[in-house]
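Observations on the three-dimensional arrangement
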Amino acid sequence: MSPRLSLFSFARSIPYRPRLSSQWLPQPATRATPSKLRAYSNPADQAPSGADRSTRPETKPADHVSEEAAKVADITGTQGPDMEQGTPVEQVVKGDQEAIDKLPKVMQDKLKGKSPTSAPKGSRSYSTMTTSETGSAAFDMGLVGFNSASTVPEIPGVKFGLPSLPLPRDGNLKHRYDTVVDQVTNLLMRHGQKSIAQRNMSLILQHLRTSQIPTINPARPLVPGAPPPSHLPLNPILYLTLAIDSVAPLLRIRNQKGAAGGGVALQIPVPLGIRQRRRTAVEWILNAASKRRNKGSGKGGFAQRVADELVAVVEGKSGVWERRNAVHKLAVASRANVVLPRKR
Amino acid sequence: MPSSVCIRSISHLVRDRAAHTSIASRCLFAAPQSAGFSTSAARYALPSKKKTGTVAAPKRGVKSLNVKKGRKGVQVDTAKRPAQGERRALRKRIVLSNNNALEVPYLTDLEKTSALSKKNQGQVKGLPEEVVDSLRAVEAFKPTQGWSLFRRPATLIRKETVQLAALLKVAEGHVNSTEQAVEGREDGEAVDGAKEVAEVTAEEAVAVAVAEEGPKKTIRRVIVGEKMSGKSSLLLQGLALAFVRGWVVINLPDAQDIVNAHTAYAPLPESEPTQYTQDIYTANLLSQILKANKGFFSNTTPITTQPELGVPLPANTTLEQLVNIGINNPDISWPVFVALWAELTLPGRPPIMLGIDGLSHIMRNSEYFSADVKPIHAHDLTLIRHFIDHLSGKSSLPNGGMVLAAISKSNSPTSAALDFSISVAEARQARSGNLPTWNLYTKVDQRVMDVLKDIEVIKVGGLSKAEARALIEYYAASGMLRAKVDEPFVTEKWSLAGMGNVGELERATVRLRV
């Protein structure tokens, strides 16, 4: 017989074990009653001292002299002391001879004769006073010309003013180098060693800068609008760009497999973008340079050869020109294979 | 019955086949094409053609690695190879002018009267042509320096250069107390000189030099500083100032060349402990001295001492002739050097500048071995000992002069004693109370410690912004830098160069290190 009353008895008992950890008592995290403690930094009027808790006026401590004077002045409608600042002792004891007599000697001396604004007399040759912000410009702690950030900007929301537009092209960290230099550096890079590629690039430009003024072959004209050759060594990046752009092919030949029938590839000329053109030209130049003889020894050999090849390109002596002409010739021959978009 | 002729012919064949070519061609045993006892014909014969296709095919199922690329288009380079030493010469070539660079209109040369003036600070000064020739003769220019970018060699007179110039003045005997203040410390030798010589301005110094001569000093300094901070350049500037002032300059361009056992050496007779001379190197050094100090050697002064060289000297031998004897007979180059030194230190001769670059190479054992296969200490080589004696203050220069040694940070074997001595010297000069102490658990090279006991250093730091600006303006004026040189630009480059490290500044501005 069951000792307990069981209204809902099941055939099988359902185990129900309330977990202790999940028990939660609704307790406030913080107490609602205000703290009796006051930090030093808290304003005094927010947390009244013990005597002020009483509502009876007679239990309250007497006001400070100047506070009292301020209240009186408020009631009488006259000008009282400024409560924002502390009242100087001189002002408090003004006209009260007994109080003056009981003042410390330093204060008595100060009241006698010496005006409070006069500079302190003594052997000290320097001042220990701070200078006011509006004061003498002669006093300078190295902050002349220093605009503090707290000045209100003319355009709201812009702390340092707006930059002048257009932004410089190399303003971005990632685009700080010339486009061509960047591209050639990356094409010079082997095994991901960019630093070595950069050194080689620097050496190439240095060789170009110290090389002779090139003599242009009229049969191999450079890009139209090229500066006179005497300007080139002083501007090696322009020299490099000119050499690359002059031999850059306009097209490439795409071999469409089986399109010509009989297993023959159809040669279709495809126009190239500026970056692609430069890439092709640089690869040709680097190929030609790597086939050159190394004159010296040491690290700078390849850079020297590339620089020599670039000079040869500008002077029209390089074999890269033939290569470019061959591509163009083939492209002209196969121009019938170009499939233009159908006109509607 | 067999014919005797046949046997005879066979015996002939064996002995001398060349006489019977018709028989030889039909002969069966053609393998050794020479007489049995001679190997010369076989040795000088053309090599037999390599047989191709004899390598067995790889087994079935076995993968053979073939990494040859483009076997079809391999072209054997048959062009003439560069001659011995040609490649190295190309690598070490020193180019001192760039015809593309623009002439800098405001560039003035260093002059004898104003070279040591303090007013030169922060200016780029050109090196006069004869000084450039001399500097080239003493191999003061280095291939890594950027001389090849500009129209003609010029150099920035920086704070340290002015310090060095003041020291040169002290060495010459005109002590200027104002410049002592620049130096920032009492120079033990210089102070008593300062008492004797009245305070003179830089311009008056020359007049004083003619009128009265103070006591000549021997200044000893080691140039230290960060990598690429211009230590070798400062040494070069020191040499250039010495050339301009008419000193005799003896420079050991690279200490490594003396100790790396690339030149012949021989024990010096009657030396205890044994010292070693390097005859070829010394002869070469003598020729460098002769070439560099043309002005001094051209006035034909007959030698006054009677050196024992082992060769008869003609009467009234001039100094130039003496040096030429040493150049032409390397065996006696060291005695000639000693005789030359004795002549140079006679009273009335010009001050001497002794320079060396790469000091740490000579602060350890050299690569040479003694007769009982023990390493020879670098200080046992006569040339180095001569230099070290003057660097350590053991011997002094009676006519005044300077011993200047530059360390290198990129090519320097570790020399704990040198590093320690430099740090002690720096601490001493900074007048900090606590001098560094030797770590007792490291091996000490006592000879090096003794030599560098009381050495003083010139610390080459970064350029100031004004100096950096002067340099960058020179770059721009030469057309090597295409940018507007203004305050933000200079500040940017100065900061990028690690607060004015001059090598990095050059790299950031003109080397196009992009």
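Criteria and cut-off values
Residues numbered from 1 in each chain as written. Chains lettered and ligands numbered in written order. Predicted model: local features only at pLDDT ≥ 70, side-chain atom pairs only at ≥ 80, totals over all residues. Heavy atoms only, no water. Helix = DSSP H or I, 4+ residues; strand = E, 2+ residues; numbered from the N terminus. Buried < 20%, exposed > 50% of the residue type's maximum accessible area, 1.4 Å probe, protein only. Contact = heavy atoms within 4.5 Å. pLDDT = per-residue confidence, 0-100. Buried area = accessible area lost by both parts, 1.4 Å probe. Salt bridge = Lys/Arg side-chain N within 4 Å of Asp/Glu carboxyl O. Polar contact = N/O pair within 3.5 Å; in protein donor to acceptor, adjacent residues only side chain to side chain. Nonpolar A, V, L, I, M, F, W, Y, C, P; charged D, E, K, R; others polar. Axes fitted to C-alpha atoms, helices over the stretch in contact; angles between N-to-C directions. Parallel < 35°, antiparallel > 145°, perpendicular 65-115°, else oblique. Left-handed = near helix turned anticlockwise from the far one by under 90°. Pairing = 2+ DSSP bridges. Phe/Tyr/Trp six-rings, centres within 6.5 Å; stacked < 30°, edge-to-face > 60°. Lys NZ or Arg CZ within 6 Å of the ring centre and 35° of its normal. Core = buried A, V, L, I, M, F, W, Y, C linked by side-chain atoms within 4.5 Å. Expected span 1.5 Å × (residues − 1). Patch = residues over 30% accessible without salt bridge, like charges linked within 9 Å, V, L, I, M, F, W, Y side chains within 5 Å. Areas by Shrake-Rupley, 256 points an atom, 1.4 Å probe, with all protein chains shown as cover.

A few words now on the overall build of chain A. Across its full length, chain A holds ten helices and two strands. Sequence-ordered secondary structure for chain A, helices as α and strands as β, is α-α-α-α-α-α-α-β-β-α-α-α. Here chain A holds 344 residues, and the buried ones make up 22% of them. For chain A, contacts bridging at least 24 residues in sequence account for 50% of all contacts bridging at least 6.

Our focus in this paragraph is unusual backbone geometry. Peptide bonds are, in most cases, trans, and in most cases residues other than glycine have a negative phi. Each neighbour pair has its own omega, and for Leu165 of chain A with Pro166 of chain A the value is 0 degrees, a cis peptide bond. Within the element layout of this structure, Pro166 of chain A appears in the loop between helix H4 (105-111) and helix H5 (179-188). With an omega of -5 degrees, the peptide bond between Glu272 of chain B and Pro273 of chain B qualifies as cis. For Pro273 of chain B, the position within the fold is in the loop between strand E6 (266-267) and strand E7 (276-277). A positive phi angle is found at Arg431 of chain B, which is not glycine, with a value near 55 degrees. Position of Arg431 of chain B among the secondary structure elements: in the loop between helix H17 (416-429) and helix H18 (446-451).

Residues and elements named next belong to chain B. When the pLDDT values of chain B are averaged, the result is 84; 81% of them are 70 or greater. Helix H8 (residues 188-196) is the least confidently modelled element of chain B, averaging 41 in pLDDT, while strand E5 (residues 248-252) averages 97, the highest of any element. Across residues 13-32, where pLDDT falls below 50, the model places eleven contacts with residues more than four positions away in sequence or in other chains. Throughout residues 177-212 the model reports pLDDT below 50, and contacts reaching past four residues in sequence, or to other chains, amount to 56 contacts.

Okay, the interface of chain B and chain A next. Each partner contributes to the interface: chain B provides 24 residues, whereas chain A provides 22 residues. Across the chain B/chain A interface, buried area totals approximately 1900 Å², and carbon plus sulfur atoms make up 50% of it. For the pair chain B and chain A, the interface holds zero salt bridges. The interface formed by chain B and chain A includes six residue pairs in polar contact (both at pLDDT 80 or more). Among the residues making up the side of chain B that touches chain A, the classes are represented as ten nonpolar, five polar and nine charged.

Moving on, we come to the packing of helix H8 (residues 274-290) of chain A against helix H10 (residues 320-333) of chain A. Residues and elements named next belong to chain A. Direction vectors running N to C along H8 and H10 enclose 140 degrees, while the axes themselves pass 10 Å from each other. Taken together, the axis directions place H8 and H10 in an arrangement best described as oblique. The hand of the H8/H10 crossing is right-handed. Counting all contacts with H8, which are made through Trp284, Ile285, Asn287 and Ala288, the residues of H10 involved are Val320, Arg323, Arg324 and Val327.

Let's shift gears to the sheet that holds strand E11 (residues 401-406) of chain B. Residue and element names in this part refer to chain B. Read from one edge to the other, the open sheet built from five strands follows the order E5-E8-E11-E4-E12, with strand pairing classed as parallel. At either margin of the open sheet sits one strand with a lone partner, and together these are E5 and strand E12 (457-460). Here the strands of the sheet are splayed against their neighbours by 20 degrees on average, with no regard to which way each runs. Where strand E4 (residues 218-225) meets E11, six bridges bridge the pair, whose relative direction is parallel. Paired with Arg221 across the bridge in E11 is Leu404.

Let us look at the confidence of the model for chain A. Taken as a whole, chain A shows an average pLDDT of 78; of its residues, 72% reach a score of 70 or greater. Considering only residues more than four positions removed or in separate chains, one finds that residues 47-51 of chain A, a stretch of pLDDT under 50, has three contacts.

Before going further, it helps to examine the pairing of strand E8 (residues 352-357) of chain B. Residue and element names in this part refer to chain B. When you tally the buried positions in E8, you get six out of six residues, the bulk of the element. The alternating pattern of E8 places Ile352, Leu354 and Ile356 and Met353, Gly355 and Asp357 on opposite faces, both of which are buried. Bridge count between E5 and E8: five bridges; the pairing is parallel. From the neighbouring strand, Leu252 faces E8, where its bridge partner is Ile356. Bridging between E8 and E11 involves six bridges; their strand directions are parallel. The residue of E11 that forms the bridge with Ile356 is Ala405.

A few words on the packing of aromatic side chains. Residues and elements named next belong to chain B. Tallying each qualifying case throughout the model produces ten aromatic pairs over all chains. Aromatic pair Phe150 and Tyr474: ring centres 5.3 Å apart, planes at 40 degrees, arrangement tilted. Separated by 324 residues along the polypeptide, Phe150 in the loop between helix H5 (129-137) and strand E3 (154-157) and Tyr474 in helix H19 (residues 465-477) bring together distant segments of the chain. Their ring planes at 50 degrees and their centres at 6.5 Å tell us that Tyr474 and Tyr475 sit as a pair that is tilted. You can call Tyr474 buried: its relative accessible area is 5%. When its relative accessible area of 3% is taken as the criterion, Tyr475 is described as buried. For the cation-ring pair, Lys465 lies above Trp494, with the distance from its terminal atom to the ring centre recorded as 4.9 Å.

With that settled, the discussion passes to the sheet that holds strand E2 (residues 123-126) of chain B. All names here are of chain B. Strand order in the open sheet formed by three strands is E1-E2-E3, and the pairing between neighbours is mixed. What marks the edges here is a single partner per strand, and that holds for strand E1 (108-109) and E3. Examined bridge by bridge, E2 and E3 share four bridges and lie antiparallel to one another. By the bridge assignment for E3, Gln123 is matched with Ile157.

In terms of burial, E11 of chain B is largely enclosed, as six of its six residues are buried. Alternating residues of E11 of chain B divide into Gly401, Val403 and Ala405 of chain B and Met402, Leu404 and Ala406 of chain B, and every residue in both groups is buried.

Once that is clear, we can look at the nonpolar core. Residues and elements named next belong to chain B. Counting 62 residues, the largest nonpolar core has Leu359, Ile362, Met363 and Leu391 as its most contacted members. The element contributing the most residues to this core is helix H15 (residues 333-344), with seven residues. When near neighbours in sequence (up to four residues on either side) are disregarded, Leu391 contacts Arg220, Arg221, Leu359, Met363, Val403, Ala405, Leu452 and Ile455. Residues Trp147, Leu236, Val249 and Met402 belong to the second largest nonpolar core, which totals 41 residues.

All names here are of chain B. The topology assignment puts Glu506 in helix H21 (residues 502-509). A relative accessible area of 16% means that Glu506 is categorised as buried. Those residues in contact with Glu506, other than ones at most four positions away along the chain, are Gly146, Tyr475 and Arg511.

So, on to the environment of Gln429 of chain B. Residue and element names in this part refer to chain B. Along the chain, Gln429 turns up in helix H17. Gln429 sits 27 residues away from Glu456 along the chain, and the two C-alpha atoms are 7.7 Å apart. A distance of 2.9 Å separates a polar side-chain atom of Gln429 from the backbone nitrogen of Val457.

An α-helical segment advances 3.6 residues per turn. Residues three or four places apart therefore align on the same side. Residues and elements named next belong to chain B. For H19, built from 13 residues, the straight-helix expectation of 18 Å at 1.5 Å per residue is met to within 8% by its first-to-last C-alpha distance of 18 Å. Along H19, the positions that sit buried rather than exposed are Glu467, Ala468, Ala470, Leu471, Ile472, Tyr474 and Tyr475. The elements touched by buried residues of H19 are E2, E3, helix H6 (159-172), helix H20 (487-496) and H21. Directly beyond the C-terminal end of H19, a positive phi value near 80 degrees is found at Gly479.

Attention now goes to a nonpolar patch on the surface. All names here are of chain B. Together, Tyr265, Phe369 and Val373 make up an exposed nonpolar region whose accessible area comes to about 300 Å². Its place among the elements puts Val373 in the loop between strand E9 (365-369) and strand E10 (375-377). A relative accessible area of 61% means that Val373 is categorised as exposed.

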